[in-house]
Amino acid sequence: MNPKHVALISAELNISMKQAENTMSLLAEGSTVPFISRYRKEQTGSLDEVQIGKVEDLGKRYQEVDDRRAFIIKTITEQGKMTDELLGKLEASWVLTELEDMYLPYKPKRKTRAMAAIEKGLEPLADLIMAQEAGEIDETAKTYINEQVASADEALKGARDIIAERINENAELRDKLRKLFTHTAKFSSKVIEGKEAEGVKYKDYFEFSEELHTIPSHRVLAILRAEAEGILFGNISPDEEEAQGIINKQFVTGNGPASQQVEKAAADAYKRLLRPSLENESRAAAKEKADTEAIEVFAENLRQLLLAAPLGPKAVIAVDPGYRTGCKTVALDNQGNMLAHDVIFPLEKNYKAQDAEHLLRNWVNKYEIQAIAVGNGTAGRETEDFIKKIDFGKKVNVFMVNESGASVYSASEVAREEFPNEDVTVRGSVSIGRRLIDPLAELVKIDPKAIGVGQYQHDVNQSHLKQSLDRVVVSCVNNVGVNLNTASKHLLAYVSGLGPSLAENIVKYRKENGAFKNRQELKKVTRLGEKAFEQCAGFLRIENGDNPLDNSAVHPERYPVVEAIAAGQKCTVSELIGRNELRKQVNIKEYISEEVGQLTLEDILKELAKPSRDPRDEIAIFEYAEGIKTMEDVHPGMTLPGVVTNITAFGAFVDIGVKQDGLVHISHLSNKFISNPNEAVKLNQKVTVTVLEVDIARKRISLSMKDNEPNNGGGGGQRRERRENKPAKEAPLNDFQAKLQALKSKFK
């Protein structure tokens, strides 16, 4: 471990040297972020997953700087040009751009105009001009005429090429101009002539200019995408006179003929070398910043989606709606295994609708169905209405399920492996049903980019996107915990310390030996060694196993502590878990040791109070406004219930049940100023919106949540909903429907 890295990370993240050093040591030993965050709080000082992730990222970044520095030092040393002063500057820098600026004069490059001029013997003339002493430089230039230099003008031009390259390679100047670009440059764009009609969706950027340091990420990515499509021409530049003034101030020291030559060389250096180079740097930096912001938005959306409320292990019917080809329908047991599949036509105006009703009734009784999931795609609302009117003789809740990415899953290798004999339509319906039972367990099988909760996800750095999204999936899976005896290999693969190979070995062992009875049995799984066991055991749950602690987040390494606490209370571990009064009597300080600190003991007692509890919210039933099914049904002024389906930097998209999500711009998300949409809403949150504008031609609906703000609380809000098996706490929906009908009449 590099002590310099520790110091830099400590300073950048504002954490202690001990926190940084211990965290880096744990990461170097192969510990995962979720494991360190949950089970090594004493060593890290309770750093959370985000902070530990930043320590990991910064460690990699500083190692990259070290590697690049070593290469630069080696290259310059081999050229015989290394000096003590240059070496000191290189070793003191931790910024890649600074290192590259210092390396630039020594960097091997293709033949330049300056190199050609040096070969013609014009370097001494360039030195004389740079000295800027009094005298007629034109006469001096004539002495450099030879077979390769035809005239004094050609000699001066060659000398200026040499000077321009020196100016371009001056690290001090590049730093000054880089700061000028960073703080004052504008990002401008213009439409390419003749591309107006083709690029109409980029109309806002046809004549556009904004300060580079304030432009939002979505605008940067939009302009760059339009450039790639050949619609716009983009440009990043500061005030040219100001930039030229900075160069002249550093290099032009007089006003004679030689200084005039230097000034010409400086103008050429900026136009031909410095500006293009620094514009490319600025573009790359703006793109990186925009990527980071967009990826953060995507990651937060994905986190909220993965942690959406599950229905739980209940038998369900899942319906993938459609008009012409019918509704692909499957019945699933409480573990998501398919029991039956068929195609129904509930929207036909004939006997087929009766057949659909008969099949659904039959399945509900035969398979003891407790809920029905309907995909929110084409014909989803109509299918939902049809099912809700059926009398099943018992309570069967109907849920609208977001089906984004279901088609990707249905055509994937994962789906083919699970259902080799079924077509893609059946697999897609299964995915919809499983998403209702447990969104996390099902969505981990799909490439996160296909889930539809991102912002410009195809334009950002794909490796960074994958790294960030994978980290989110790992975090969510380990936060919730995984049932060792029922989880698929795809879900197990995201458990701390496992991965695809060990996950497959666990499933294979389970098939050959039956259900795991205790966590220690994991050590019998092929290739699952002590380190993997340490990392994964606390996140795997065993219901009704040999040890009640196996169904909790208490790590096996701390079982002796729990047993000691139970012995101290003269009870069993099961009694300690089940009786709150016993836990209240525990004096934590009696059990603190070198290995187990107060933070760990507090976590253990909290876990014993709620072992195996799912941290996700309870699922809620949501109903769209009656009679609002198409954009033509929506009019300005209406107040409608909706569900937040996507959150971006500029606002939130809300599904109001018309197959086209509406946008609540960030300025309309709250009655107070907010800088981040996540301050006002969460993914899958039920909200009330007011329609501002409907543009049917462009398929755009503008909405507002002002004066309709949801109450604070995870995914809560001003909901027209009811909890499973709980009485409604709000006014009946009929009141809302009456108001809605009055509004509809008003706008007819």
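Whatever comes next refers back to the structure up there.
Residues numbered from 1 in each chain as written. Predicted model: local features only at pLDDT ≥ 70, side-chain atom pairs only at ≥ 80, totals over all residues. Heavy atoms only, no water.

What follows concerns the overall build of the protein. Helix and strand content of the protein: 30 helices and 17 strands. Judged by the C-alpha coordinates and their principal axes, the protein covers about 105 × 75 × 50 Å. Of all 748 residues assigned to the protein, the portion counted as buried reaches 48%. Taking as baseline every contact in the protein between residues at least 6 positions apart, the subset at least 24 positions apart corresponds to 66%. (Helix = DSSP H or I, 4+ residues; strand = E, 2+ residues; numbered from the N terminus. Buried < 20%, exposed > 50% of the residue type's maximum accessible area, 1.4 Å probe, protein only. Contact = heavy atoms within 4.5 Å.)

Here the focus is the pairing of strand β5 (residues 327-332). Of all the six residues making up β5, six are buried; the element is thus mostly covered by neighbouring parts of the structure. With burial as the criterion, each face of β5 is covered, one bearing C327, T329 and A331 and the other bearing K328, V330 and L332. Pairing of strand β4 (residues 316-320) with β5 involves five bridges; the strand directions are antiparallel. Within β5, the residue paired with D320 across the bridge is K328. Between β4 and β5, which pair antiparallel one after the other, the connecting turn spans six residues, and G326 there sits at a positive phi close to 80 degrees. Pairing of β5 with strand β6 (residues 338-344) involves six bridges; the strand directions are antiparallel. Its bridge partner lying in β6, V330 is registered against H341. (Pairing = 2+ DSSP bridges.)

Right, let's get into helix α13 (residues 217-228). Given a rise of 1.5 Å per residue, 12 residues ought to cover 16 Å, and the 17 Å separating the end C-alpha atoms of α13 matches this to within 8%. Within α13 the residues assigned to the buried category are S217, H218, V220, L221, A222, I223, L224 and A226. Two residues or fewer past α13, G230 is found with a positive phi of approximately 75 degrees. (Expected span 1.5 Å × (residues − 1).)

Here D333 shows up in the loop between β5 and β6. Nearest to the buried, unbridged D333 among oppositely charged side chains is R434, at 7.6 Å. Only 2.9 Å separates the side chain of D333 from the backbone nitrogen of Q335, close enough to count as a polar contact. With near-sequence residues (within four places) excluded, D333 lies in contact with K314, A315, L339 and I437. (Lys, Arg positive; Asp, Glu negative; His and termini not counted. Salt bridge = Lys/Arg side-chain N within 4 Å of Asp/Glu carboxyl O. Polar contact = N/O pair within 3.5 Å; in protein donor to acceptor, adjacent residues only side chain to side chain.)

To continue, consider the state of the cysteines. Applying the stated criterion across every chain yields a total of zero disulfides. The structure places no disulfide on C476, whose sulfur is separated from the nearest cysteine sulfur, that of C536, by 19 Å. Overall, C476 belongs to the buried group, its relative accessible area being 1%. For C536, a relative accessible area of 0% gives the class buried. (Disulfide = S-S within 2.5 Å.)

Turning our eyes to something else, we now look at the side chain of H555. Structurally, H555 is set in the loop between β10 (540-541) and α26 (559-568). Exposure remark for H555: the relative accessible area of 3% places this residue in the buried category. Separated by 2.6 Å, the side chain of H555 and the backbone oxygen of E534 make a polar contact. Those residues in contact with H555, other than ones at most four positions away along the chain, are F35, Y39, F533, E534, A537 and G538.

The next thing to look at is the pattern of salt bridges. On inspection of all chains with the given rule, the structure shows 52 salt bridges. As a salt-bridge pair, E534 and K531 come within 3.0 Å of each other at their nearest N and O atoms. Remark: K531 and E534 occur in helix α25 (residues 530-536); sequence separation between them is three residues, near one turn of the helix. Since its relative accessible area comes to 34%, K531 is described here as partly exposed. Among the ionic pairs, R558 bridges to E557, the shortest N-O distance being 3.7 Å.

With that settled, consider the sheet that holds strand β13 (residues 651-655). For sheets, the rule is that strands pair by backbone hydrogen bonds, running either parallel or antiparallel. Ordered in space as β12-β13-β14-β16-β15, the five strands form a closed barrel in which the pairing is mixed. Strand-to-strand twist of the sheet, defined as the mean angle between neighbouring strand axes without regard to direction, takes the value 50 degrees. With five bridges joining them, strand β12 (residues 639-648) and strand β15 (residues 686-695) adopt antiparallel strand pairing. Bridge pairing in β15 places L640 opposite V689. (Axes fitted to C-alpha atoms, helices over the stretch in contact; angles between N-to-C directions.)

To continue, consider the environment of N478. Note that N478 resides in helix α22 (residues 462-480). Given a relative accessible area of 1%, N478 falls into the buried group. Separated by 228 residues in the primary sequence, N478 and Q250 have C-alpha atoms spaced 57 Å apart.

Moving residue by residue along a regular strand, the side chains alternate between the two faces of the sheet. Within β13, four of the five residues are buried, which leaves the element mostly enclosed by the surrounding structure. Across five bridges, β12 lies against β13 in antiparallel orientation. Bridge assignment links I647 to a residue of β13, and that residue is A652. Here β12 hands over to β13 after two residues, the two strands then running antiparallel side by side. In this sheet, strand β14 (residues 662-665) lies alongside β13 in antiparallel orientation, the contact comprising four bridges.

This brings us to the environment of Y409. Residue placement: Y409 occurs in helix α18 (residues 406-410). Each C-alpha atom, one on Y409 and one on G499, is 20 Å from the other, the two residues being 90 residues apart in sequence. Not counting chain neighbours up to four residues away, the residues in contact with Y409 comprise V414, A415, E418, F419, R427, S431, R434, E442, K445 and I446. In this structure the side chain of Y409 is engaged in a polar contact, spanning 2.5 Å, whose partner is the side chain of E418.

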